[in-house]
Amino acid sequence: MLWLVIILLLFIFQTATILIGEYKRPAKTVAWLLVLFIFPIIGFIMYYFLAKEYSQRKMVRRKGRRKMAEIKHQWMGFKGTVSEESEEEYELYEDTRLCGLLYNIPGSPITLNNQIEVLTNADVTYEAMLSAIATAQKHIHFEFYTIRDDQIGVTFQDALIRKAKEGVSVRVIYDGVGSYALSQAYINKFKQANVQIYPFLRPLIAFFDKRMNYRNHRKIIVIDGLVGFLGGINIGDEYLGADPKLGFWRDTHLKLYGDAVYYLQQTFITDWMFVSKERLSDSTFFPEHGVPASSLAQVISSGPDAHWDAIQEMFFAGIVAAKKRIYMTTPYFIPDPSITMALKTAVISGVDVRIILPYQADSKIVQYASRSYLLELMQAGVQFYLYRKGFIHAKVMLIDHLMATVGTANVDMRSFFSNFELNAVMFNKDVIGRLEDDFLMDLKDSDELKLVEFEQRSRIEKGKEIIARLLSPLF
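First, a word on scope: everything that follows refers to the structure included in this document. (Residues numbered from 1 in each chain as written. Predicted model: local features only at pLDDT ≥ 70, side-chain atom pairs only at ≥ 80, totals over all residues. Heavy atoms only, no water.)

1. What to know about the overall build of the protein chain
Which entries qualify depends on this criterion: Here a strand is any run of E in DSSP of at least two residues, a helix any run of H or I of at least four, and the numbering for each starts at the N terminus. Each residue is assigned to one of three classes by its accessible area relative to the maximum for its type, calculated with a 1.4 Å probe on protein chains only: buried under 20%, partly exposed between the two thresholds, exposed over 50%. The contact criterion used throughout is that any non-hydrogen atoms of two residues lie within 4.5 Å. Exposure was quantified through the Shrake-Rupley algorithm and a 1.4 Å probe, taking into account, for residues, occlusion by the shown protein chains and nothing else.
Broken down by element type, the protein chain carries 19 helices and 19 strands. Evaluated residue by residue, the protein chain yields a buried proportion of 57% over its 475 residues. When contacts within the protein chain are restricted to residue pairs at least 6 apart in sequence, those whose partners lie at least 24 apart make up 82%. For the protein chain, the accessible surface area stands at approximately 20500 Å², while carbon and sulfur atoms represent 58% of it.

2. Some words on empty space enclosed by the protein
The following threshold applies: Of the grid points, spaced at 1 Å and generated over the protein atoms alone, those admitting a 1.4 Å probe that cannot get out make up cavities, while open sets with protein on both sides within 12 Å along at least five of seven lines make up pockets; any residue with an atom within 4 Å of a point is treated as lining. Grid points are joined across faces, edges and corners, and a volume is the space filled by probe spheres set on the points. In the scheme used here, Gly and all other residues not listed as nonpolar or charged are polar, with Ala, Val, Leu, Ile, Met, Phe, Trp, Tyr, Cys and Pro taken as nonpolar and Asp, Glu, Lys and Arg as charged.
This model, assessed by the stated rule, comprises two cavities of 30 Å³ or more. Lining the largest cavity are 13 residues; nearest its centre among them are Pro 331, Pro 358, Ala 361, Gln 367 and Ser 370. Elements with a minimum of two residues in the lining of the largest cavity: strand 12 (352-358) and helix 14 (364-371). Among the elements that line the lining of the largest cavity, the one with the most residues is helix 14, at four residues. Considering only enclosed or pocket space, the second largest cavity measures out at about 50 Å³ in volume. Taken together, Arg 250, Thr 252, Thr 329, Ala 394, Val 396, Leu 435, Asp 438, Phe 439 and Asp 442 form the lining of the second largest cavity. Counting residues per element, the lining of the second largest cavity draws most heavily on helix 17 (residues 429-444), which supplies four residues. Broken down by class, the residue content of the lining of the second largest cavity amounts to four nonpolar, two polar and three charged.

3. Re the sheet that holds strand 16 (residues 403-407)
As a reminder of what qualifies: One requirement defines pairing of two strands: DSSP has to find at least two bridges between them. Geometry is summarised by axes, namely lines fitted to C-alpha atoms with helices restricted to the contacting stretch, and by angles between N-to-C directions that run from 0 to 180 degrees.
Read across the open sheet, the eight strands follow the order 9-18-16-15-10-12-13-19; overall the sheet is mixed. Either end of the sheet is taken by a strand with one partner, and the two such strands are strand 9 (297-302) and strand 19 (446-448). Averaged over neighbouring strand pairs, the angle between their axes works out to 20° when direction is ignored. Note: strand 12 against strand 13 (residues 383-387), five bridges, orientation parallel. Looking at the pairing, Arg 354 lines up with Gln 383 of strand 13.

Structural data, given as structure tokens:
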């Protein structure tokens, strides 16, 4: 009997620890309790190493922000403010609540002096990136969740090494989990060419440091502080359609000039300080760019080290602000309750809500989890489309002709609460129109998921969805 009492007390202790540790997010509590129920001891060990609140980076982050603030005051002056004449060109200023929220996101001012180019798919994006890299005179900052040692990975490596040999400072960050397969030989070749390269949390170190669950999902290139790239595309042959399982890869990226590049630079420098302990405090990282007041834009970074879930709040505020339409593309759809309710409220209010998801997924368990959220939204009137041409990885949301966002964040709880992410929010009608054209083209390559057919899926499929949904906050 004594051993039964010990086991019971141990189980109660483990359960209480999870309840106390995850009280802020009930969905994660349920997920971890399910893991604990299935794997009584192993589940708690997993929780101990994977579920730690990310707090150790906050001091580094605060110090970096203070330094960046000093540099921005030197070089930006009045930048980030918009004249009354400019306000009349943008619908944003007609929605005081949305405008107020966006203006108050810490460290992410809305800037006017920008030029924005939408890049559709990897072939065009890689060409633009390599062309920009070739023009570098002073520095190249290169940060990706996934860098692969394949044909396109070697092409980028050769381009970066070539610039390093010309005397350009080249800094590279890769995520330890996203680039877990990156060979040591590939990394050593960079180091031998005087390219500085660091991982963001090596998997083994992150595991024992209890930060394995936090990943740097950002994709950033900054050339001389003047040209920047961000979006959904990593460095790998699969983005060019080389994966035989997924085939054609549909994605969206951005090329930026102007004030917005300063905030890509700020994000990279803060991440660089974390991985290398080197402070890049030279004001030449923020040069005068000469871009005229042409396009309103905002770069928003988020991560588990911040007090705000800034990207999640931007998504929520945008959905709530919609009056006519919400067009959304995401490869992974695991919304938190606030996003789910916002979408339901919007569509019930008469907003046209259309969401494109992949038909062919790169992860079955994530696909089952995504589909578990569809029924209640479809019953409310949300239209879902499954992309059939290949795999769609674009991360785009359009709200009326009011705003659009493109970046690294998926519409899922991992992107909103656990990953380090980066999105651009844009308000220029030409940019929104270009993204709308892409969305409508993707709709032609998609089949609408009909409610009647979806309700007829088998009990086995429904069972898989239930289990996947319970675990979805941990994906």
